[in-house]
Amino acid sequence: MTEPRRSRERIMAGLLGPSGAELTCEECFDLLDVYVDSELAGEHADEHVPGMREHLAGCPACAEEHDSLRDLLTSLG
Amino acid sequence: MAGSVPTVWRTTAPATVDREAEARVWLAALRATGEEREDATRRLHDLLLRAARHELNRRRAMLAGTDRETIDDLAMESADDALTAILAKLDDYRFESRFTTWAYKFAILEAAVRTRRRAWQERELPMDPDAWTALPAQTLGPAEDLENRDRLRAVIEAVRTDLSPHQREVLGALVLAEVPIDVLAERLGTTRGALYKTLHDARRKLRTVIGADT
């Protein structure tokens, strides 16, 4: 069940998803390392891997794994 | 692509010579035989274990009540399975990222999936058919403006009238109940990719019905 007064914006975002074209989960995993290395190098990661940002906005699991990989690499320097 | 981006174009990453050289050393050692391979495999496993522990530590709130030994076991299992996957996919590495970045993602995936499944192992899937009806009352505050109320109600009506029962079930579990997609995939006997495709198609239909794509 949903808890009371959950954010309407969050639920609407979950129901409607990102409007732009996006990668699939498999493509996301395939390109996640390329995207994160590109981000950390200060490159234009979204131009480098189109559709990744949209997928991360729509898929909480892939977004968690993206955040974790990025965080790990940042912590390792 | 789930959507209509025609192709994933990737410019050649500004890979440094060091990065490519490092990757070639890893690949050569992992494809070698005897002691060289064993040493490389051991070193890679150490890195994967570190990545798995990192992921489990990030998710420690989901693992509340899980003892240290079990968490250590989850990390080791994640590193073991990641290593197996990597050794089977060495030919898939394309020198577009650091080799270690490519490898770490396997360990993070394994640990993340284990964490989500463990957190939900004792829980029933909350498939409540009345959840859609109750949604406006649960999400709209008294001060919510009319436009937001109408928009949410239009979406819910479209969920009820324009989606298939399977799409409704998947959307409800993933979005309303926030069941992790790996957990739902396991319970329904399908894959994460297949579920996301269902979710993507349902969302596209909803956006079309309410005119959100125009």
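The rules behind each value
- Residues numbered from 1 in each chain as written.
- Chains lettered and ligands numbered in written order.
- Predicted model: local features only at pLDDT ≥ 70, side-chain atom pairs only at ≥ 80, totals over all residues.
- Helix = DSSP H or I, 4+ residues; strand = E, 2+ residues; numbered from the N terminus.
- Buried ≥ 20, exposed ≤ 12 C-beta atoms within 10 Å, placed from the backbone.
- Contact = placed C-beta atoms within 7 Å.
- Expected span 1.5 Å × (residues − 1).
- Arc of directions from axis to C-beta.
- Core = buried A, V, L, I, M, F, W, Y, C linked by C-beta atoms within 7 Å.
- pLDDT = per-residue confidence, 0-100.

Undergrad: Explain the overall build of chain B to me, please; I cannot follow it from the model alone.
TA: The secondary structure content of chain B amounts to 9 helices and 0 strands. Overall, chain B shows an N-to-C arrangement of helices and strands of α-α-α-α-α-α-α-α-α. Each of the 214 residues in chain B was classed as buried or not, and the buried ones make up 33%. Restricting the contact set of chain B to residue pairs at least 6 apart, pairs at least 24 apart contribute 72%.

Undergrad: Which parts of the structure should I look at to understand the overall build of chain A?
TA: Within chain A, the regular secondary structure consists of 5 helices and 0 strands. Along chain A, from the amino end to the carboxyl end, the secondary structure elements read α-α-α-α-α. By its C-alpha atoms, chain A is 40 × 30 × 20 Å across when sized along the principal axes. By the burial criterion, 47% of the 77 residues in chain A qualify as buried. In chain A, the share of contacts with a sequence separation of at least 24, taken over all contacts with a separation of at least 6, comes to 63%.

Undergrad: Looking at this structure, how should I read unusual backbone geometry?
TA: Glycine aside, negative phi is the norm for most residues, and most peptide bonds take the trans geometry. Residue and element names in this part refer to chain B. Located in the positive-phi region is Phe95, a residue other than glycine, with phi close to 65 degrees. Looking at the secondary structure, you find Phe95 in the loop between helix H3 (68–88) and helix H4 (99–120). Of note, Glu178 is a non-glycine position whose phi angle comes to about 55 degrees, a positive value. Here Glu178 is to be found in the loop between helix H7 (165–176) and helix H8 (181–188).

Undergrad: Help me out: how do you make sense of helix H5 (residues 60–76) of chain A in this one?
TA: Working note: α-helix, 3.6 residues per turn, so residues spaced by three or four point in the same direction. With 17 residues, H5 of chain A should reach 24 Å at 1.5 Å per residue; the first-to-last C-alpha distance of 24 Å fits that figure. Residues of H5 of chain A that are buried include every one of Ala61, Cys62, Glu65, His66, Ser68, Leu69, Leu72 and Leu73 of chain A, and no others. Angularly, the buried residues of H5 of chain A cover 165 degrees about the axis, an arc narrow enough to put them on a single face. In H5 of chain A, the exposed positions that point more than 90 degrees away from the buried face belong to Thr74 and Ser75 of chain A. Check the buried side of H5 of chain A and you find it contacts helix H2 (25–40) and helix H4 (52–58) of chain A together with helix H2 (34–58), H4 and H8 of chain B. Gly77 of chain A occupies a position one or two residues after H5 of chain A and carries a positive phi of about 80 degrees.

Undergrad: Any chance you could explain the nonpolar core here in plain terms?
TA: Burial of nonpolar side chains together is a common tendency in soluble globular proteins. Residues and elements named next belong to chain B. Counting residues in each nonpolar core, the largest one holds 66 residues, and the members touching the most others are Leu48, Ala52, Ala107, Leu171 and Leu174. The biggest single contributor to this core is H4, with 11 residues. The contact partners of Leu174, leaving out residues within four places of it in the chain, are Val179, Ile181, Leu184 and Leu199.

Undergrad: In this structure, what is going on with the confidence of the model for chain B? I would like to understand it.
TA: Close reading of the predicted structure is inappropriate where its pLDDT is low. When pLDDT is averaged along chain B, the result is 88, and 86% of the positions lie at 70 or above. A low-confidence stretch, residues 3–14 of chain B stays under pLDDT 50, and its non-local contacts, those more than four residues away or across chains, total 21 contacts.

Undergrad: Explain the environment of Pro126 of chain B to me, please; I cannot follow it from the model alone.
TA: Summarising the element assignment, Pro126 of chain B is placed in the loop between H4 and helix H5 (131–139). Considering only alpha carbons, one finds Pro126 of chain B and Glu178 of chain B, 52 residues apart in sequence, at a separation of 9.3 Å.

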